Amino acid sequence: MTRKAIFPGSFDPFTNGHLDTVTRAASLFDDVIIACMTNIKKHPLFSADEKQALIQAAVADLPNVKVVALPHQLTVAFAQSLGAQYMVRGLRSPQDFAYEADVATINSQLAPQVETVFLLADPKYRNLSSSMVKEVASFGADVSKLVPANIAQALSEKFGGDHHA
Ligand code: ADP
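Here we summarise the structure given alongside this text. (Residues numbered from 1 in each chain as written. Predicted model: local features only at pLDDT ≥ 70, side-chain atom pairs only at ≥ 80, totals over all residues. Heavy atoms only, no water.)

## Overview of the sheet that holds strand E3 (residues 65-69)
As summarised here, the arrangement of the 5 strands in space is E3-E2-E1-E4-E5, forming an open sheet in which the pairing is parallel. Every interior strand has two partners, whereas the edge strands, E3 and strand E5 (115-120), have only one. Ignoring strand direction, the axes of neighbouring strands in this sheet form an average angle of 30 degrees. Alignment of strand E1 (residues 4-9) against strand E2 (residues 31-36), held across 6 bridges, turns out to be parallel. Within the sheet, the bridge partner assigned to Gly-9 lies in E2 and is Cys-36. Strands in contact with helix H1 (residues 16-28) are E1, E2, E3, strand E4 (86-91) and E5; relative to E5, the strand with the most contacts, it is inclined by about 125 degrees. (Pairing = 2+ DSSP bridges. Helix = DSSP H or I, 4+ residues; strand = E, 2+ residues; numbered from the N terminus. Axes fitted to C-alpha atoms, helices over the stretch in contact; angles between N-to-C directions. Contact = heavy atoms within 4.5 Å.)

## What about the pairing of E4?
Taken together, the 2 bridges between E1 and E4 define a ladder with parallel strand orientation. Its bridge partner being in E4, Ile-6 is matched across the sheet by Met-87. Examined bridge by bridge, E4 and E5 share 6 bridges and lie parallel to one another. Bridging across to E5, Gly-90 finds its partner in Leu-119. In the classification by handedness, the crossover that spans E4, the intervening helix H4 (residues 94-110) and the parallel E5 is right-handed. (Right-handed = clockwise from strand over helix to strand, strands pointing away.)

## Here we look at the pattern of salt bridges
A complete count under the given rule lists 6 salt bridges for this structure. For Arg-92, the salt bridge is made with Asp-96, and the minimal N-O distance between the two is 2.9 Å. (Salt bridge = Lys/Arg side-chain N within 4 Å of Asp/Glu carboxyl O.)

Read these as layout, nothing more, since geometry by itself doesn't imply function.
Shown next as structure tokens:
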């Protein structure tokens, strides 16, 4: 049976931490589907379509990874509609664990067929978050060590700065 995993997230923007998690997931599962959600409450910088195109380009080297926009629906319901048996989440900290454990518990009650699998963030990326990247980029500073090259370019276009500033 094909082992299919969904990796849901806001990815606003997709960082090197997300890339590391999805690269590791791609070696564990036959197919990995990145599902980008757009959470209005988190003041999104990129639209769902922009994120999908940017992430697709950033993961072009991973043949078993696809990117889709998450429809307005429960993530586990969407996972089931795709036939995914696993949901991947990254853990950076005890705070991530506390939140993720609650979400995974509810999800396992809603859809026991979908197993949440946690991948511990690489220590290099434990302090890396999309919100921190946005903050740094908004000042026109260089984020090329924090995100894939095409995302750094898109951020500098969004903030109207020089890519090398
Ligand atoms: P969400 O709004 O769903 O938390 P994020 O885009 O912030 O969306 O994160 C998506 C997933 O990626 C989450 O499981 C999160 O823990 C994980 N993640 C975020 N940043 C990193 C990182 N630096 N290293 C590894 N995993 C990460």
